[in-house]
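Survey of secondary and tertiary structure
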Amino acid sequence: MENDSNWKLFADKAMHGEMLTREEGLSVLEAHDDQTLSLMHAAFQVRKHFYGKKVKLNMIINAKSGLCPEDCGYCSQSIVSTAPVKKYAMLDKDTLVDGAREAIVRKAGTYCIVASGKGPTEKELEQVVSAVKEIRDTMPLKICACLGILRDDQAERLAEAGVHRYNHNLNTSKANYPSITSTHTYDQRVETVEQVKLSGMSPCSGVIIGMGETDREIVEMAFALNELDADSIPINFLNAIPGTPLEKAGRTPAMKALKVLALFRFICPSKEIRVAGGREVNLRTLQPLSLYAANSIFVGDYLTTAGQEVTADHRMIEDLGFEIELDAL
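So, here's what we can say about the structure. For clarity, every value in this text was computed on a predicted model and none was experimentally measured.

Now for the state of the cysteines. Under the definition given, this model contains zero disulfides. Free of any disulfide, Cys68 has its nearest neighbouring cysteine sulfur in Cys75, separated by 6.4 Å. Residue Cys68 is classed as buried on the basis of its relative accessible area, which comes to 13%.

Spelled out as structure tokens, the structure:
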């Protein structure tokens, strides 16, 4: 299975709306490292077909840090984490608006307001809604919110305020989910994404690679997100933080990370694939190659971990001959 003609076949199928089989998906992850460049070339044909050479930039603001009652094993902000992270309540409106201005400075088209916790309180939701309304009135930014599990009419209220996109990651496979957290279920995450779609917001949902899942489970994640019809798919690679239950998990080898990105491009060909948290730690010097499959990255820091310096990301895109997509609306 591991030859150039098969990767070209996979690319052709993806560009013509034909679904790979699960076995074909598995063959991507099991490809010999010597095949990685030809595999990325095939993934690039799909990426170029749908997105050309444009790269979407996203910036995160950690709108509420720590203070989370959930026990997610990967997260430094969870109740079971002893990692020394900042802890603070929801940032005020002015601070959230200032973050949007910084996103524009960094050439990001999407501004992501992310808060720890199982879901937003009424007060927290109102603070976000108020900030979003001002940002929408004054800045040409796409706004993404990530506030946890939504209740009642919260999705509709965010949509009415002008939130374009809502992120709620599946994180791992349904089979692996109980080993990662016990305070909520995989199905609750799926239900939130479905609620987002009904509200009219664009669904954003992705995964974290490196949490003990098998290759077959990674394939299942890709198929699950295809079936969920997520418009934007962040692919995180675990950055194992000391003080978290997964602190001893090893990094994903860079070549394996590239194969994962190619897999998601083949399975979700027309969707925004974003190289997200942990790209600097896991991909290391091979970060530029990731953009042959992905068409989106975060710029700046993540929630509690540092990202690559922003101008280095800009230079990386320029050196590839790619182009930052400045107008995300």
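Next comes the rest of the description.
What follows concerns the packing of aromatic side chains. The final tally for this structure, using the stated rule, is six aromatic pairs. Relative to Tyr292, the ring of Phe44 lies with its centre 5.1 Å away and its plane at 70°, an arrangement referred to as edge-to-face. On the criterion of sequence distance, the pair formed by Phe44 in helix α3 (residues 36-51) and Tyr292 in the loop between α11 (287-290) and β9 (296-298) is long-range, its members being 248 residues apart. For Phe44, a relative accessible area of 9% corresponds to the buried category.

Take the pairing of strand β7 (residues 232-237) next. Counting buried positions over the six residues of β7 gives six, a clear majority of the element. Side chains Ser232, Pro234 and Asn236 of β7 all project onto a buried face; the interleaved residues Ile233, Ile235 and Phe237 project onto the opposite face, where all are buried too. Pairing analysis gives three bridges linking strand β6 (residues 207-209) to β7, with the strands arranged parallel. Along β7, the bridge assignment pairs Ile208 with Asn236. This β-α-β element, β6 to helix α8 (residues 215-228) to β7, shows right-handed connectivity. Pairing analysis gives four bridges linking β7 to strand β8 (residues 272-275), with the strands arranged parallel. Looking at the pairing, Ile235 lines up with Val275 of β8.

Procedures and definitions
- Residues numbered from 1 in each chain as written.
- Predicted model: local features only at pLDDT ≥ 70, side-chain atom pairs only at ≥ 80, totals over all residues.
- Heavy atoms only, no water.
- Disulfide = S-S within 2.5 Å.
- Buried < 20%, exposed > 50% of the residue type's maximum accessible area, 1.4 Å probe, protein only.
- Phe/Tyr/Trp six-rings, centres within 6.5 Å; stacked < 30°, edge-to-face > 60°.
- Helix = DSSP H or I, 4+ residues; strand = E, 2+ residues; numbered from the N terminus.
- Pairing = 2+ DSSP bridges.
- Right-handed = clockwise from strand over helix to strand, strands pointing away.

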